[in-house]
Structure formats: structure tokens, C-alpha cells
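Here's the letter readout for the chains.
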Amino acid sequence: MAHLSVLEAEWGAEIPYVGALGKGFPFRGARVPFLNRQKGIYRAAAQRGPAALSIQTSANTPYADAVTADGFLYAYRAGDIDQPDNRALRAAHELRVPLVYFFSTRPGWYKPIFPAYVSADDPTARMVVVTPGELRGPIDEPEPVALDDPIERRYVVRETKARVHQARFRGRVVPAYASQCAICRLKELRLLDAAHIVSDVEDAGEPSVQNGLSLCAIHHRAFDQNLVGVSPGYVVHVSRRLLEDEDGPMLDLLKGFHEVRLATPKRELDWPDPERLEARFARFSDLS
Ligand SMILES: [Zn+2]
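Residues numbered from 1 in each chain as written. Predicted model: local features only at pLDDT ≥ 70, side-chain atom pairs only at ≥ 80, totals over all residues. Heavy atoms only, no water.

## Topic: the overall build of the chain
Here is step 1 of the chain: Scanning the chain from N- to C-terminus turns up 7 helices and 16 strands.
Here is step 2 of the chain: Expressed as lengths along the three principal axes of its C-alpha atoms, the size of the chain is roughly 65 × 40 × 35 Å.
Here is step 3 of the chain: Taken across its 288 residues, the chain has 44% of its residues classed as buried.
Here is step 4 of the chain: Counting only carbon and sulfur atoms, one obtains 54% of the accessible surface of the chain, whose full area is about 14,800 Å².
Here is step 5 of the chain: Placing the 36 positive and 38 negative side-chain charges of the chain at their respective mean positions leaves the two points 6 Å apart. (Helix = DSSP H or I, 4+ residues; strand = E, 2+ residues; numbered from the N terminus. Buried < 20%, exposed > 50% of the residue type's maximum accessible area, 1.4 Å probe, protein only. Areas by Shrake-Rupley, 256 points an atom, 1.4 Å probe, with all protein chains shown as cover. Lys, Arg positive; Asp, Glu negative; His and termini not counted. Charge placed at Lys NZ, Arg CZ, Asp CG, Glu CD.)

What follows is the structure in C-alpha cells.
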């Protein structure tokens with residue numbers, strides 16, 4: 001989990017398998033991969049204990065209805081309920097040991113949730129409930145802890161659901177824009193976010209590319225603060241407040257894109273929805 005925290009700091013919301021998760025973490029002189037892309041439930045060969053190390057859900061799995069107030073529902077592997085993967089999943093419940101839940105955000109990319117605990121097991125329904133826990137303690141050596149307080153749990157489940165949704169939204173929006181900022185065309189993946197055009201009230205719904213813009217960190221923040229706007233005709237506008245401000249190299253980064261055409265996705269189907277842009281642009285115009 002410490003190694004995963006480092007990867008998260010390096011990559012942000014989504015971590016690639018190739019070059020990051022697949023390389024694994026050092027353990028007893030070898031390297032252990034975090035997951036096996038072919039398997040939902042994964043127990044590493046180097047492990048001595050019986051419990052699973054990680055589980056994963058593919059990007060195509062419908063997930064909106066697979067979450068309850070207490071956690072994410074996770075199905076047993078098909079076949080015998082006592083086959084090795086299912087045993088590893090249930091051992092994580094019996095022993096109350098933490099695992100990592102990898103949500104795929106697009107092929108080859110994952111949002112890890114850790115620590116996570118198998119908080120309930122229903123062999124008849126062939127389902128477990130996976131509840132996020134917390135890392136607590138000193139910053140260089142935090143310990144995973146399960147949350148027993150139902151109110152705390154519910155809060156963490158809600159928050160995790162929103163984080164997974166945001167990561168999947170990014171996993172759709174950023175590639176649609178060929179991994180560049182729609183305003184300044186910056187192509188540094190680690191600095192790119194998916195910005196919502198209008199806020200997402202139904203945060204469990206399908207993330208919609210047409211409600212997103214791929215923006216670099218500066219332009220995302222500026223868009224959220226209505227310092228830049230995008231017209232329904234796909235033209236970038238910089239707020240009057242900024243345009244009239246004193247010059248400076250950083251300010252030029254923002255002002256220089258006034259009246260530039262927004263970069264749009266290759267597929268017209270993925271282009272930002274003009275109606276949503278119009279609603280958002282009206283707010284920008286009022287405020288600037
Ligand atoms: Zn930018």
C-alpha cells in the first residue's frame with residue numbers, strides 16, 4: 001500500500017498497468033505484481049497467507065447498481081464456491097485483512113481503492129461486500145484500518161463512489177481528446193484532468209464524454225472558477241477581469257488563449273454538448 005501511494009502521487013487519478021502496476025512492488029527480494037489482468041480475484045504466488053491481495057472490476061462492468069450504503073458488491077468467481085480464488089476472497093473476510101480494489105477506468109488503467117475490506121460474505125448469493133477502510137498513523141508508516149462505525153463507513157463509501165466515478169470520467173474524456181488540453185493543447189498526461197461542463201448531480205450514472213472537457217490543471221481550475229469560459233460555438237473566452245489585469249508570464253498563459261478555438265475530439269459524437277456549454281457559458285458571462 002505504501003508503494004501504491006507512491007504510484008498514486010506520481011500518476012494521479014488513474015494508474016497504468018504497463019510501466020507501473022505491472023512492475024509490482026518489492027517483496028522478499030522479488031517483485032510482486034499488484035494484480036493479474038486476467039483475473040478478478042488475485043492472490044500472489046509469493047504470499048504465505050491465504051487471503052487475496054487484490055480484486056478488480058473491469059471498465060465495462062455496470063457498477064452503478066453494484067454499490068450499497070455499506071460498500072461495493074463483488075461477485076464470486078464463476079464455478080465452485082470453494083475454488084481457490086473464491087477461497088482467497090473469503091479468507092480476506094474471515095481474517096479481516098485489507099486488500100486493494102482496482103477499478104478499471106479504461107483498458108489497461110486502474111483507480112486503486114485501498115485499504116479495502118471484505119466486510120460481509122454471502123455464499124448463497126455468491127457475493128461479498130467490499131468496504132473501503134483508511135490508512136492511519138504516521139505519514140511514513142500508516143496502518144490500514146477497517147471502519148466499524150456505520151456513519152463513518154457510509155461517508156467513505158459515498159466519497160469512494162464519487163472518486164471512482166471521477167476517475168472513470170477522466171478515463172473516457174482525456175483519451176477522447178487524444179490526451180491533450182482542449183484549450184492550450186498541452187500533452188502531458190499527468191497534468192490533464194476531466195472537467196465537468198455542468199456539475200454531475202447523478203454521480204452514479206454513466207460518465208458522459210459530452211459533459212466533459214480535457215483540460216490541464218491550470219485551465220481546469222480557471223474553468224471551474226469561471227476565469228475562462230467556452231462558448232457553445234467552441235470558442236475559448238477569458239474573463240474581462242483577467243484580460244484587464246497586469247501582464248505577467250503566468251497570466252499570459254491564460255490571456256493568450258482568448259478567442260482561440262477549442263480543440264474538439266476526433267469523433268464528433270464525443271464533442272461537448274452545446275446545450276450544456278450554453279448553460280455554463282451564461283454563468284461565465286454573468287460573472288466575468
Ligand atoms: Zn491547458
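That was the structure; now back to the text.
## Side note on the domain arrangement of the chain
Here is step 1 of the chain: Each assigned domain of the chain is listed here: domain 1 (2-171) and domain 2 (179-287).
Here is step 2 of the chain: On a C-alpha basis, the centres of domain 1 and domain 2 stand 33 Å from each other. (Domains from an automatic or database assignment.)

## Remarks on the pairing of strand 9 (residues 109-122)
Here is step 1 of the chain: Summarising burial for strand 9: 10 of the 14 residues are buried, a large majority.
Here is step 2 of the chain: Both strand 1 (residues 15-16) and strand 9 contribute to a ladder of 2 bridges, which runs antiparallel. Bridged to isoleucine 15 within strand 9 is tyrosine 110.
Here is step 3 of the chain: Alignment of strand 8 (residues 99-106) against strand 9, held across 6 bridges, turns out to be antiparallel. (Pairing = 2+ DSSP bridges.)

## A closer look at the side chain of arginine 90
Here is step 1 of the chain: You can see arginine 90 is positioned in helix 2 (residues 84-94).
Here is step 2 of the chain: A distance of 3.4 Å separates polar atoms of two side chains, one belonging to arginine 90 and the other to tyrosine 76.
Here is step 3 of the chain: Setting aside residues up to four positions removed in sequence, arginine 90 forms contacts with Tyr76, Ile81, Asp82 and Asp121. (Polar contact = N/O pair within 3.5 Å; in protein donor to acceptor, adjacent residues only side chain to side chain. Contact = heavy atoms within 4.5 Å.)

## Let's talk about the coordination of the zinc ion
Here is step 1 of the chain: Of the protein atoms, only Cys181 (SG), Cys184 (SG), Cys216 (SG) and His219 (ND1) coordinate the zinc ion, at distances of 2.1 to 2.4 Å.
Here is step 2 of the chain: What the 4 donor atoms of the zinc ion show is an angle range of 96 to 118° at the metal, which sorts the shape as tetrahedral. (Donors = N, O, S within 2.8 Å, 3.2 Å for Na, K, Ca; no water. Tetrahedral: all angles 85-135°; square planar, octahedral: opposite > 155°, others 65-115°.)

## Side note on the pattern of salt bridges
As a working rule, side chains carrying opposite charge can pair if their charged atoms are close by.
Here is step 1 of the chain: Summed over the entire model, instances satisfying the criterion amount to 14 salt bridges.
Here is step 2 of the chain: Between arginine 90 and aspartate 121 there is a salt bridge whose closest N-O contact spans 3.6 Å. Within this pair, whereas arginine 90 is found in helix 2, its partner aspartate 121 is found in strand 9, the two being separated by 31 residues in sequence.
Here is step 3 of the chain: A relative accessible area of 15% means that arginine 90 is categorised as buried.
Here is step 4 of the chain: Residue classification places aspartate 121 among the partly exposed residues on the basis of a relative accessible area of 24%.
Here is step 5 of the chain: The closest approach of N and O atoms between aspartate 148 and arginine 96, which form a salt bridge, is 3.4 Å. Taken together, the residues aspartate 148 in the loop between strand 12 (143-145) and helix 3 (150-176) and arginine 96 in the loop between helix 2 and strand 8 connect sequence positions 52 residues apart.
Here is step 6 of the chain: A relative accessible area of 53% places aspartate 148 in the exposed class.
Here is step 7 of the chain: Salt bridges sharing common partners tie together Glu14, Arg106 and Arg170. (Salt bridge = Lys/Arg side-chain N within 4 Å of Asp/Glu carboxyl O.)

## So, the nonpolar core
Here is step 1 of the chain: Membership of the largest hydrophobic core comes to 31 residues, with the highest contact counts inside it found for Cys181, Ile183, Leu213, Leu215, Phe223 and Leu262.
Here is step 2 of the chain: Those elements giving two or more residues to this core turn out to be helix 3, strand 13 (192-196), strand 14 (212-216), helix 4 (217-224), strand 15 (228-230), strand 16 (236-238) and helix 6 (249-255).
Here is step 3 of the chain: With 4 residues, the single largest contributor to this core is helix 3.
Here is step 4 of the chain: Filtering out sequence-adjacent residues up to four positions away, leucine 262 remains in contact with Ala182, Ile183, Arg185, Leu213, Val230, Tyr234, Val236 and Pro272.
Here is step 5 of the chain: The next biggest cluster of nonpolar side chains, apart from the first, holds 22 residues, and it includes Ala52, Phe72, Ala88 and Tyr101. (Core = buried A, V, L, I, M, F, W, Y, C linked by side-chain atoms within 4.5 Å.)

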